[in-house]
Amino acid sequence: MVLKPFHTEALNGLCSKDQLELLNSIDCLRSQGISHYVSLPQIIVCGDQSSGKSSVLEAISGVPFPTKSNLCTRFPTELVLRKTSQISIKVSIVPHESRSESEKLSLGDFREKLDSFDELPTLIENAKEALAISTQGRAFSKDLLRVEVSGPDRPHLTIVDLPGLIHSETKQQSASDVELVQEVVKAYMKEPRSIILAVVSAKNDYANQIVLKLARTADKKSNRTLGVITKPDTLIANSESEAMYISLARNQEVEFRLGWHVLKNMDSETGEWSLADRDAKEREFFSQRTWEDLPRSLLGIENLRSRLSKVLLGQIAAELPSLINEIEIKSNACRSRLDMLGEPRATIDEQRLYLLHISQSFQSLIKASVDGTYNDPFFEDAQSEPGYQKRIRAVVQNLNLDFAERIARRGHYYKIVDGPMETSYPQGGITITREKFLDHIQHLMRRTKGRELPGTFNPMIVADLFLEQSSPWEVLTRSHIEKVWKAAKEFLSLTTAYVANAATSKALFQEIFDPALNELLETLNSKCTELLTPHQKSHPITYNHYFTESLQNVRNERRKDEYTRIIKDFFGVSSIESVRIDHYRDLRTLVAALVQRTEPDMNQFACSEALICMEAYYKVALKRFVDDIAIEVIEAQLISPLYNIFSPVTVTSMPESLVLSIADESEEDRAQREQLNKQLEVLTKGIEICKRFVGVRILSKIAPSLSVCERTIAQ
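Counting restarts for each chain: residues are numbered from 1 in the order of the written sequence. Only residues with pLDDT of at least 70 are given local features in this predicted model, and only at 80 or more are side-chain atom pairs given and counted; all residues enter the totals for whole chains, interfaces and linings. The side-chain values count all of the structure's non-hydrogen atoms but skip hydrogen atoms and water molecules.

A. Local environment of the overall build of the chain. Secondary structure elements follow DSSP: runs of H or I of four or more residues count as helices, runs of E of two or more count as strands, with numbering from the N terminus. Looking only at helices and strands, the chain has 23 helices and eleven strands in total. Residues counted as buried form 47% of the 715 residues belonging to the chain. For this analysis, residues touch if any pair of their heavy atoms sits within 4.5 Å. Taking all contacts inside the chain whose residues are at least 6 apart in sequence as the whole, residues at least 24 apart take part in 77%. Surface exposure of the chain reaches about 36,100 Å², of which carbon and sulfur atoms provide 51%. Only protein chains enter the area calculation, which uses a 1.4 Å probe; residues under 20% of their type maximum are buried, those over 50% are exposed, and those in between are partly exposed. For the accessible areas, the method is Shrake-Rupley and the probe is 1.4 Å, while residue cover comes only from the protein chains on display.

What follows is the structure in structure tokens.
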């Protein structure tokens, strides 16, 4: 095999054996596809079309990529250079993650070994054909061409050459090509572990070259960009343009932490030439004119190879801890998704076992939530809406309290006021004065008069008044029951989604939870009707002493209000809190007024007593009803049954047809498991490889090389 040789003593001893193993390991990770999941340290070569990128790449590597002025890079090309005793050239295609599985398999089969670089142009054409470039209207591709070159005189380096940025569309390059190339370059640039080698041609004003704008957008702090100036020989000696580019090379115009470098490549139209010719011409050029004033470390290809190797090793060493951490995070996420999918389940026994595991996890979370012990990670942050909805005990408690408050405010049909009628009653119902309501009672008593004596009333009048006054209860109660039922349904949905994958969760709801919840809703409404019936159709019954107390309190309150009014009228005061009497008064008028108040019209007295009895009984009945709904309906008929709605016992007794319909694995799940297993295998290997290099041994060997580079940049 014939390769263009290097004569670079500067490369000797550049990498120790450990450092070479580190570089090879990172390349191994990349070849296994781990870069699809995490960002790997790499050097990417970017520049506008015809900026001299391919010439830079050839000078660095000794690999003669096509550099004709009418050609350009059509796809990302990864160049892997290794210093080994054996000479080897391997070429392969790494499909982009957006490709279908069949396309990935087809493109993955593209693997070639070359005997010489003379075959490279033909092989690149074959790669274009495999990637369907120029055959289906496509001028560019996102897929990666990987070229691995080994030999005794190669540098230890890995570089990705990207398609040249296009300024405007042409007959050969459409607007979609312009957009695709920018999309590819931006995607590589934004990777936080990529070193950007921004190639700028001295033929054009650097301010007009797209690559610098994109690099500074992707690398806002300019920490990982190294600028390369090409074609300095096109500048007129001692001109303003030459002075501007020399200033740029000194890192004074566009400042990068890694600085700038200047190369003079051979003109692609010159004809045949060797790397030795190229290097000789470059040294001759930089030894004259104003370029010789620049530090030698910023000029020429040999110094650039050295800088790039040091920069790449430094980047790998610096990023290793965060890379390991990121791979661990991705691995854990992968395992979680695999856990969600469960073990492969082709047989009924495997499917039933899968459901048993889910039911155990489900039942455990249901019990924790119903008991109000929210320690499991499932419950998340209580401040978030999903976190609150998962705490079913808290949700039910709050809904019950809201119901108690709402029915206390809006549960009565009439709002009875003592003074003038209010203009509005925002809680609903009808506002009525006590006087008019007593007239309403008197009218009802006349219609329902029985054998009672004058001044007394038929006890059933209280039942009629209570039935009318409590008529809003049913609507408010059924609304409350539906709210709690919906909250329970949402809670079950969140719990199922946590313990099972999407397909199984959907099937469980269709086959188990929806029918069970609908049945529970019917039971809830039936129990609600049962509890409402005594208040709607039966006569008032209570043995609660609170009724007697309420009755006496209401009577006393009524007397107190009436006596207060009489006393205020007698003394002509607005308040009885502080009344001053400076002279004698005849109190017989006051006594007569009080006596007259205590001996009212018998019918009016009966109506007032009936109202007092109804109000006292309403308070007792409402308290009992609210508790009954919370205990007998919500707790007994909804919350308690949740624990057994999907239990291991349920799964054990399921017919095979039901197990199959719920737990049978879809093609999508099988494909997803296969993909996740592949991903996990790649990530696991990756973390094993990376952890071998954690420590001071490699970092300490890289550090001296980096300090030389940093001193050069500082100059």
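B. Spotlight on the packing of helix H14 (residues 460–469) against helix H19 (residues 602–642). Interhelical geometry of H14 versus H19 gives an angle of 55 degrees and a closest axis separation of 9 Å. Considered as vectors, H14 and H19 are oriented oblique to each other. Where H14 crosses over H19, the two elements pack in a sense that is right-handed. In contact with Ile 461, Val 462, Leu 465, Phe 466 and Gln 469 of H14, H19 contributes Ala 610, Cys 613, Met 614, Tyr 617, Tyr 618 and Ala 621. Throughout, the ten residues Ala, Val, Leu, Ile, Met, Phe, Trp, Tyr, Cys and Pro are labelled nonpolar, Asp, Glu, Lys and Arg are labelled charged, and all others, Gly among them, are labelled polar. Split by residue class, the contact of H14 with H19 holds ten nonpolar, one polar and no charged. A fitted line through C-alpha atoms represents every axis, and for helices the fit uses only the stretch in contact; the resulting angles, taken between N-to-C directions, go from 0 to 180 degrees. When an angle is under 35 degrees it counts as roughly parallel; over 145 it counts as roughly antiparallel; between 65 and 115 it counts as roughly perpendicular; any other value is oblique. Crossing handedness: left-handed means the near helix sits turned counterclockwise from the far one by under a right angle, and right-handed means the same turn made clockwise.

C. Examining the packing of helix H13 (residues 434–447) against H14 more closely. The N-to-C vectors of H13 and H14 enclose an angle of 130 degrees; their axes lie 11 Å apart at closest approach. With respect to H14, the element H13 is oriented oblique. You can see that H13 and H14 cross each other, and the crossing is right-handed. Facing H13, whose interface residues are Phe 437, His 440, Ile 441, Leu 444 and Met 445, H14 presents Ile 461, Asp 464, Leu 465 and Glu 468. Of the residues contributing to the contact of H13 with H14, the split by class is six nonpolar, one polar and two charged.

D. Local environment of unusual backbone geometry. Within the chain, Ser 50 stands out as a residue other than glycine whose phi angle is a positive 65 degrees. Its location among the elements puts Ser 50 in the loop between strand S1 (42–47) and helix H2 (53–61).

E. Representation of the pairing of strand S7 (residues 194–201). Of all eight residues in S7, eight are buried, a share of seventy percent or more. Across the two faces of S7 the burial is the same, with Ser 194, Ile 196, Ala 198 and Val 200 and Ile 195, Leu 197, Val 199 and Ser 201 all buried. Judged from the six bridges that link them, S1 and S7 form a sheet pairing that is parallel. Across the sheet, Ile 43 pairs through a bridge with Ile 195, a residue of S7. As paired elements, S7 and strand S8 (residues 225–230) share six bridges and run parallel to each other. When the sheet's bridge partners are listed, Ile 196 is paired in S8 with Thr 225. Whether a crossover is right-handed depends on one test, that the path from the first strand over the helix to the second runs clockwise when the strands point away from the viewer. This β-α-β element, S7 to helix H6 (residues 210–218) to S8, shows right-handed connectivity. Between any two strands, pairing holds if DSSP finds at least two bridges.

F. Structural context of the side chain of Asp 161. Locating Asp 161 in the fold gives a position in strand S6 (residues 157–161). We call two N or O atoms a polar contact when they sit within 3.5 Å, provided that within protein one can donate a hydrogen and the other can accept it, with sequence-adjacent residues counted only if both atoms are side-chain atoms. A distance of 2.9 Å separates polar atoms of two side chains, one belonging to Asp 161 and the other to Lys 53.

G. View of the environment of Phe 286. Summarising the element assignment, Phe 286 is placed in helix H8 (residues 275–286). Overall, the relative accessible area of 3% leaves Phe 286 in the buried class. Excluding its chain neighbours within four sequence positions, the residues that come into contact with Phe 286 are Pro 232, Val 262, Leu 263, Lys 264, Trp 291, Glu 292, Arg 296, Leu 299 and Gly 300.

H. Broad picture of the pattern of salt bridges. Salt bridges are defined by distance alone: a side-chain nitrogen of Lys or Arg within 4 Å of a carboxyl oxygen of Asp or Glu. Applying the stated criterion across every chain, the model contains 16 salt bridges. Here Asp 161 and Lys 53 are joined by a salt bridge, their closest N and O atoms 2.9 Å apart. Of this pair, Asp 161 sits in strand S6 while Lys 53 sits in helix H2; the two residues are 108 residues apart in sequence, bridging distant segments of the chain. Where Lys 527 meets Glu 530, a salt bridge forms, and the shortest distance between an N and an O atom there is 3.1 Å. Note that Lys 527 and Glu 530 are positioned in helix H16 (residues 502–537) at a spacing of three residues, about one turn of the helix. Its relative accessible area of 46% is what places Glu 530 among the partly exposed residues. By sharing partners, the salt bridges in this structure join Glu 78, Arg 146 and Glu 148 into a single network.

I. Spatial organisation of the packing of aromatic side chains. Any two rings among Phe, Tyr and Trp, with Trp reduced to its six-membered ring, count as a pair given centres within 6.5 Å; such a pair is stacked if its planes are under 30 degrees apart, edge-to-face if over 60, and tilted if neither. Going through the model one piece at a time under the given rule, you end up with 19 aromatic pairs. Ring geometry for Tyr 413 against Tyr 414: centres 4.9 Å apart, planes inclined by 85 degrees, an arrangement best described as edge-to-face. On the accessibility criterion, Tyr 413 (30% relative accessible area) is partly exposed. Clustering of aromatic rings is evident, with ring pairs tying together Phe 466, Trp 473, Tyr 617, Tyr 618 and Phe 625.

Any functional reading would require information that these geometric values do not contain.
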